[in-house]
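Breakdown of the fold
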Amino acid sequence: KAGVTQTPRYLIKTRGQQVTLSCSPISGHRSVSWYQQTPGQGLQFLFEYFSETQRNKGNFPGRFSGRQFSNSRSEMNVSTLELGDSALYLCASSLGNSPLHFGNGTRLTVT
Amino acid sequence: GEDVEQSLFLSVREGDSSVINCTYTDSSSTYLYWYKQEPGAGLQLLTYIFSNMDMKQDQRLTVLLNKKDKHLSLRIADTQTGDSAIYFCAEREGRDDKIIFGKGTRLHILP
């Protein structure tokens, strides 16, 4: 069974631009969660989607948004990028209340 | 909000046991998890424990849960160089099912 796939692996953007990151969950998993990982803050919860609906949201500004498609694939979007948005963005999928299974992340660098 | 705390660094000699500790604040947590992260990779699930258990053993790994003190530990027996990584403790909150992570403990193996 293929694991969680995140694309792209690396991204370099300029301040003020917007970016879209993609996540394909493990087949059969309907829940997708997104986390931001930085050296200073660790893993911060962004949001969780289940059956195309946002089920939970963390404490991030409205510039961070996401969505989930009918095939459970998910995207997250960050608009008006700031230098502080540079981070590893991790996507994880799960089946019901089972543990999260993570992808390898997208490394975003904002210059 | 709810919080998960763990020490940032641990150094252990090869062959010794490593014990990584974690405390959490949500008394209604349902599951507690341990993840491992190696450089350039996402988080790999190591083991997890349901909140009504107090111990779980899986090969070299032993998880102890003290629910009264909200304290979780991970013991790695016969620590090897391949165990060098960052270890994350996480809890699934009872109220809204969010999974919250600690900042991670970097395990360094001494020869």
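Report follows, based on the coordinates. Owing to the predicted nature of the structure, the values given are computational and were not obtained by experimental measurement.

**Considerations on the overall build of chain B**
When its secondary structure is counted, chain B shows zero helices and 11 strands. Each helix and strand of chain B, placed in order from N terminus to C terminus, yields the pattern β-β-β-β-β-β-β-β-β-β-β. Taken over C-alpha atoms, the radius of gyration comes to 13 Å for chain B, in line with the 13 Å a tight globule of 111 residues would show. Counting only C-alpha atoms and orienting by the principal axes, one finds that chain B spans roughly 45 × 30 × 20 Å. Burial analysis of chain B (111 residues in total) assigns 44% to the buried set. Considering only contacts in chain B between residues 6 or more positions apart, those separated by 24 or more positions represent 55%.

**Let's talk about the sheet that holds strand β7 (residues 61–66) of chain B**
Adjacent strands of a sheet form backbone hydrogen bonds with each other and so pair up, either parallel or antiparallel. All names here are of chain B. Reading across the sheet, the five strands line up as β1-β3-β8-β7-β6 and stay open at both edges, with antiparallel pairing between neighbours. Two strands close off the open sheet at either side, each with one partner strand: β1 (4–6) and β6 (55–58). Each neighbouring strand pair of the sheet contributes to a mean axis angle of 15°, computed without reference to strand direction. Note: β1 against strand β3 (residues 18–24), three bridges, orientation antiparallel. Bridge pairing links valine 4 to tyrosine 24 in β3.

**Some words on the nonpolar core**
If you look at the biggest cluster of nonpolar residues, it comprises 21 residues, and the most contacted ones within it are A:Trp34, A:Leu46, A:Phe64, A:Met76 and A:Tyr89. Elements supplying a minimum of two residues to this core: β3 (19–24), β4 (31–38), β5 (42–50), β8 (74–78), β9 (87–94) and β11 (106–110) of chain A. Excluding anything up to four places from it in sequence, A:Met76 contacts A:Val19, A:Thr20, A:Leu21, A:Trp34, A:Leu46, A:Phe47, A:Phe64, A:Ser65, A:Gly66 and A:Tyr89. B:Val4, B:Leu65, B:Tyr87 and B:Cys89 belong to the second largest nonpolar core, which has 20 residues in total.

**Things to note about the state of the cysteines**
Counted by the stated rule, this structure contains two disulfides over all chains. Residue A:Cys23 pairs covalently with A:Cys91 via a disulfide, S to S 1.8 Å. Torsion about the S-S bond of the A:Cys23 and A:Cys91 cystine: about -60°, corresponding to left-handed handedness. Taken together, the positions of A:Cys23 in strand β3 and A:Cys91 in strand β9 put the pair 68 residues apart, joining distant regions of the chain. Both residues of the pair, A:Cys23 and A:Cys91, belong to the buried class. Disulfide partner of B:Cys22: B:Cys89, at an S-S distance of 1.9 Å. Across the S-S bond of B:Cys22 and B:Cys89 the torsion is about -60°, and the bridge reads as left-handed. Note that B:Cys22 is positioned in strand β3 and B:Cys89 in strand β9 (residues 85–92), a separation of 67 residues in sequence. Classification of B:Cys22 by relative accessible area gives buried; the value is 1%. Exposure remark for B:Cys89: the relative accessible area of 1% places this residue in the buried category.

**Digging into the sheet that holds strand β7 (residues 64–68) of chain A**
Residues and elements named next belong to chain A. Reading across from one edge, β1-β3-β8-β7 is the order of the four strands in this open sheet, with antiparallel pairing throughout. The sheet terminates laterally at β1 (5–7) and β7, the two strands that pair on one side only. The average undirected angle you get between the axes of adjacent strands in this sheet is 20°. The pairing of β7 with β8 spans five bridges and is classified as antiparallel. When the sheet's bridge partners are listed, serine 65 is paired in β8 with asparagine 77.

**Side note on the side chain of B:Asp26**
Relative to the elements of secondary structure, B:Asp26 occurs in the loop between β3 and β4 (31–37). Lacking a salt bridge, the buried B:Asp26 has B:Arg95 as its closest oppositely charged neighbour, with an N-O distance of 6.4 Å.

**With respect to the environment of B:Thr25**
Residues and elements named next belong to chain B. Along the chain, the position of threonine 25 falls in the loop between β3 and β4. Put simply, threonine 25 and glutamate 93 are 68 residues apart on the chain and 9.7 Å apart in space, counted from C-alpha to C-alpha. A distance of 2.9 Å separates a polar side-chain atom of threonine 25 from the backbone nitrogen of aspartate 3.

Calculation criteria
- Residues numbered from 1 in each chain as written.
- Chains lettered and ligands numbered in written order.
- Predicted model: local features only at pLDDT ≥ 70, side-chain atom pairs only at ≥ 80, totals over all residues.
- Heavy atoms only, no water.
- Helix = DSSP H or I, 4+ residues; strand = E, 2+ residues; numbered from the N terminus.
- Rg over C-alpha atoms; globule rule 2.2 N^0.38 Å.
- Buried < 20%, exposed > 50% of the residue type's maximum accessible area, 1.4 Å probe, protein only.
- Contact = heavy atoms within 4.5 Å.
- Pairing = 2+ DSSP bridges.
- Axes fitted to C-alpha atoms, helices over the stretch in contact; angles between N-to-C directions.
- Core = buried A, V, L, I, M, F, W, Y, C linked by side-chain atoms within 4.5 Å.
- Disulfide = S-S within 2.5 Å.
- Lys, Arg positive; Asp, Glu negative; His and termini not counted.
- Salt bridge = Lys/Arg side-chain N within 4 Å of Asp/Glu carboxyl O.
- Polar contact = N/O pair within 3.5 Å; in protein donor to acceptor, adjacent residues only side chain to side chain.

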